[in-house]
Amino acid sequence: MYGNYDKRENKNNTFQNIKTLIDFLYKSWSSNDNLSFNNIRYIGFYGGEPLVNFSLIKETIDYLEALSELSELKFEYGMTTNGMLLHKYMEYIADKKIHLLISLDGNEYNDSYRVMKNGQPSFSQVISNVETLRKKYPQYFEQYVNFNAVLHNRNSVKDIIFYIKNKFNKFPTISSLATNGIKKEKQKEFIKMFQNQLESYKEAESCFDTQKMFLQTPDSAMANFFINAYCNQTFRKYSDLFIYDSDKEYIPTGICMPLKRKLFLTVNGKLLACERIGQTYPLGKIVGGQVFMDFEGISAFYKKLFDRNIHFYISKFYFLLLQSYF
């Protein structure tokens, strides 16, 4: 349904691109200017389906572990997977304590949009693999495995929580269908599939103890976003306590802040602010074994973006003031 990504050509990422990026970042990671408790860096593997290219995952982790032996850096790993190939690689995944996020939309009907290449449902294979993983590595499963569901017209928050909590004793994260980058010819189909997350959560409130999912509910998420965006006396992370600035301003947007805490490498060598945005706004690119980033261009682009948002919110604020006055 989406058009905000590069043409898909069934390509695999290359270790050379990954090594180039790691070596580029390593200079900053090991700098005396970069002080971080425990020196932990988080490496995430996404797809498509990352386990289709398992050899590259292993090669990347081997390289990072060799770097770790030469420095005080520590690495932890995460992976988002559809679960279809877990039976092949679960021993390695459990041994490396990879934080696993399994995509599952609920019961068999709820999950029926997820199909294999031949069009057949993937549900039974995924459930079999997850049950095997839980049986063989119960401690790992308890500590490192979680589930993510996408809300659509074949499930509900109630369905998702009921199935995953009862089946695996886990509270899943639940996200709506992404609304950015939809092709014009797919908009009607998208609207048919889309489900209002707020209404679905409200329907589930009477059936479950949703306290554990408090910050995931739309009302709570919006309140949390508002407080962080408009109040200058909040602390998002522990380290903020050491660099608190009473005059600090928060930019009122929900986008990934460039180069703040994430960097996403695409199969075509593009560098994005994070995995949640389209591929039309790269921060840089890897070409010929080198990282190219136009820092002045990045700054100018985001300044223009933030200025537009700030002017919008100021205009909206004064409009609301005028409405209340009259």
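Above this text you will find the structure in question.
Residues numbered from 1 in each chain as written. Predicted model: local features only at pLDDT ≥ 70, side-chain atom pairs only at ≥ 80, totals over all residues. Heavy atoms only, no water.

Novice: Whenever I open this one, the overall build of the protein chain confuses me. Can you help?
Specialist: In terms of helices and strands, the protein chain carries ten helices and nine strands. For the protein chain, the proportion of its 326 residues judged to be buried stands at 37%. Restricting to contacts in the protein chain with at least 6 residues of sequence separation, those with at least 24 account for 60%. Carbon and sulfur atoms form 53% of the exposed surface of the protein chain, whose accessible area is close to 20,900 Å². (Helix = DSSP H or I, 4+ residues; strand = E, 2+ residues; numbered from the N terminus. Buried < 20%, exposed > 50% of the residue type's maximum accessible area, 1.4 Å probe, protein only. Contact = heavy atoms within 4.5 Å. Areas by Shrake-Rupley, 256 points an atom, 1.4 Å probe, with all protein chains shown as cover.)

Novice: Before we go on, may I ask you to explain a nonpolar patch on the surface in this structure?
Specialist: On the surface, a nonpolar cluster with roughly 260 Å² of combined accessible area is contributed by Phe24, Leu259 and Phe295. Within the secondary structure, Leu259 is located in the loop between helix H9 (218-230) and strand S6 (264-265). (Patch = residues over 30% accessible without salt bridge, like charges linked within 9 Å, V, L, I, M, F, W, Y side chains within 5 Å. Salt bridge = Lys/Arg side-chain N within 4 Å of Asp/Glu carboxyl O.)

Novice: Explain the side chain of Asn110 here, please?
Specialist: For Asn110, the position within the fold is in the loop between strand S3 (99-103) and helix H4 (123-136). Dropping the residues within four chain positions of it, Asn110 is found in contact with Asp105, His152, Arg154, Asn155 and Asp159.

Novice: Quick question: what am I supposed to make of the nonpolar core here?
Specialist: Leu86, Leu100, Tyr140 and Phe147 are the most contacted members of the largest nonpolar core, which has 55 residues in total. The element that contributes the greatest number of residues to this core is helix H2 (residues 54-70), accounting for seven residues. Among residues more than four places away in sequence, those in contact with Phe147 are Leu101, Ile102, Leu104, Val130, Phe141, Ile164, Phe168, Lys170, Pro172 and Thr173. Ranked by size, the runner-up nonpolar core spans eight residues in total, among them Cys256, Cys274, Ile298 and Phe306. (Core = buried A, V, L, I, M, F, W, Y, C linked by side-chain atoms within 4.5 Å.)

Novice: In this structure, what is going on with the packing of aromatic side chains? I would like to understand it.
Specialist: Remark: the centre distance and the inter-plane angle together describe each pair of aromatic rings, the angle taken between the planes. Enumeration according to the criterion identifies 13 aromatic pairs in this entry. Ring plane angle 65° and centroid distance 5.8 Å describe the contact between Trp29 and Phe75, whose orientation is recorded as edge-to-face. Of the two residues, Trp29 is situated in helix H1 (residues 15-29) and Phe75 in strand S2 (residues 74-81); the sequence distance between them amounts to 46 residues. The residues Trp29 and Phe75 share a single accessibility class, namely buried. (Phe/Tyr/Trp six-rings, centres within 6.5 Å; stacked < 30°, edge-to-face > 60°.)

Novice: Honestly, helix H8 (residues 197-205) in this entry has me stumped. Any pointers?
Specialist: It helps to recall that an α-helix has 3.6 residues per turn; residues three or four apart then point in one direction. Considered for burial, the residues of H8 that qualify are Gln197, Ser200, Tyr201 and Ala204. Across the axial projection of H8, the buried residues extend over an arc of 100°, all falling on one side. Exposed positions of H8 whose direction lies more than 90 degrees from the buried face are Glu199 and Glu203. (Arc of directions from axis to C-beta.)

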